[in-house]
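The residues making up each chain are set out below.
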Amino acid sequence: MTYGKIRGPDGRPPKMWTRRSILRGMGLALLAGGAGGCATNPVTGRRQLMLMSADDEVRVDRAQSPHQFSADYGAIRDPDLNAYIAEVGLSLARHTHRPQMPYSFRGVHASHVNAYAFPGGSIAVTRGLLLAMDTEAQLAGLLGHELGHVSARHTAERMTQAALAGLVVAGVALAAARKDERYGEWALGLGGIGAGLLLARYSRDDERQADDLGLHYAVNAGYPPSGMIGLMNILRRLAGRQPSAIEQMFASHPMSEERYRTAVERSRGPEFATAAVLPDRRERYLDATARLRAQAPAVEAIQQGDRVLAKGDFSAAAERYRAALAAVPDDYEATLKLAKCGIAAGQFAAAHRLAQAAHQAYPEEPQSLHVGGFASLRQGRFDAALAEFGEYERRLPGNPNTVFLIGLAQEGLGRRADAADSYRRFLAAGGGGDFGNHARSRLTEWGVAFP
């Protein structure tokens, strides 16, 4: 599903980025810049080739993680819950192999089941996964696992391997690129350069190591090993009953029965014997997530909508998103997903109204501006689209797709020089695919040199 068939003034549609059209240049830039080199792995103590330095990890984290958080509908609007998640996460971070990293933790509004860590220590867990857990020990196991990926520098290692193997392809990353292609089209134009690679699929060896590290971190922070076992059991159960609900998590975190069995066997080892009696802090978790749990009917309805959407039934998906809004009238995710269904159905004015409603409900979060910009663009309201994309770019800079869409709106307004400048910026940032083809064809037609 795209945000409708967006077309330039000549009627030609710039199409969606695909898996094959993302992520050229980040690894090659690291090679060309000479970043990193041989480094000692903080977990294993072994020397290994690493093209990202610790400063690089923090830099790209800070540049890209905000795009991912926005693609996941922003931080949960419950400061107490986010403070609680951060408290648990920071209590574990002190026991990691890289306690000096600038860690941050938050819940995000997305209803699917997922959690992820950027290489500089920015960690998020979706409300779908928060609702699936019921003890603080399980949350500690989850955050410990993500901290394990940061400690072992798994992302930096994967990017180094990709760059050396020449596997980094094309230019602009979407957060949705790691999802099913049909779902990925939902987030047309969202995400930032490199976000997909930064959250790339981990190997099973990486997962085993992160599991083991997470177990140690959680136990050292005062949690029983049963928390990790409980987490694994939840994921195993969801994988059997609702595979589509956690496919995004498994895309980057391969799950297996073997991982569950290993966690059980590991937790029963002698080094964890005395930790078995530690409290799982169930009541504290339930108290902290009480307001979130009141949203459970809306989250379940959104999950149902996502499942039917994956089958291409936009009408049924819209019905489920409306059900979510009946349960929680100002739910930001449900409102924006209903707006996107409206765009797909050609109901652009209604979709724009929904985007505006989402903006009013959560004015600090910019995705509503992007969705509203698409709706305006499809109505031929190029001046409104330019204002909305421009405000999105001001709040969340660094996404070349937005620069291209600004150029498309400028072209629609007949502002050729401005459009040419935007298209040049887009191409200079590594933009490619059909967006890139459109930009190059216009610059060629206008006699403008381009990268």
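What you are looking at is a predicted structure, and each value in this text was computed from that prediction instead of being measured. (Residues numbered from 1 in each chain as written. Predicted model: local features only at pLDDT ≥ 70, side-chain atom pairs only at ≥ 80, totals over all residues. Heavy atoms only, no water.)

A. Quick look at the sheet that holds strand β5 (residues 122-126). Strand order in the open sheet made by the 3 strands is β3-β5-β4, with mixed pairing throughout. Edge positions in the sheet fall to β3 (104-108) and β4 (115-117), since each has one partner strand and no second. Across the sheet, the mean angle separating the axes of adjacent strands is 15° when strand polarity is ignored. Note that β4 and β5 share 3 bridges and pair antiparallel. Residue pairing for β5: Tyr116 is matched across the bridge by Ala124. Packed onto the sheet, helix α2 (residues 54-71) meets β3, β4 and β5 and runs at close to 10° relative to β5. Helix-sheet contacts for helix α3 (residues 79-93) involve β3 and β5, and the interaxial angle to β3 is about 140°. (Pairing = 2+ DSSP bridges. Helix = DSSP H or I, 4+ residues; strand = E, 2+ residues; numbered from the N terminus. Axes fitted to C-alpha atoms, helices over the stretch in contact; angles between N-to-C directions. Contact = heavy atoms within 4.5 Å.)

B. A look at the packing of aromatic side chains. Tallied over the entire structure, the rule returns 13 aromatic pairs. Ring geometry for Phe374 and Phe389: centres 5.7 Å apart, planes at 85°, overall edge-to-face. Within this pair, whereas Phe374 is found in helix α19 (residues 367-378), its partner Phe389 is found in helix α20 (residues 382-395), the two being separated by 15 residues in sequence. Grouping residues by exposure puts Phe374 and Phe389 together as buried. (Phe/Tyr/Trp six-rings, centres within 6.5 Å; stacked < 30°, edge-to-face > 60°. Buried < 20%, exposed > 50% of the residue type's maximum accessible area, 1.4 Å probe, protein only.)

C. Structural view of the pattern of salt bridges. Using the criterion set out here, one finds 24 salt bridges in the structure. Here Asp80 makes a salt bridge to Arg291, at a shortest N to O gap of 3.2 Å. Taken together, the residues span a long stretch of sequence, with Asp80 in helix α3 and Arg291 in helix α14 (residues 290-293) at a distance of 211 residues. For the salt bridge of Arg127 with Glu333, the shortest nitrogen-to-oxygen distance reads 3.0 Å. With Arg127 in helix α4 (residues 127-132) and Glu333 in helix α17 (residues 332-344), this pair connects stretches of sequence that are 206 residues apart. By relative accessible area, Glu333 is classed as buried at 0%. What emerges from the salt-bridge pattern is a single network uniting Arg127, Asp306, Asp331, Glu333 and Lys337. (Salt bridge = Lys/Arg side-chain N within 4 Å of Asp/Glu carboxyl O.)

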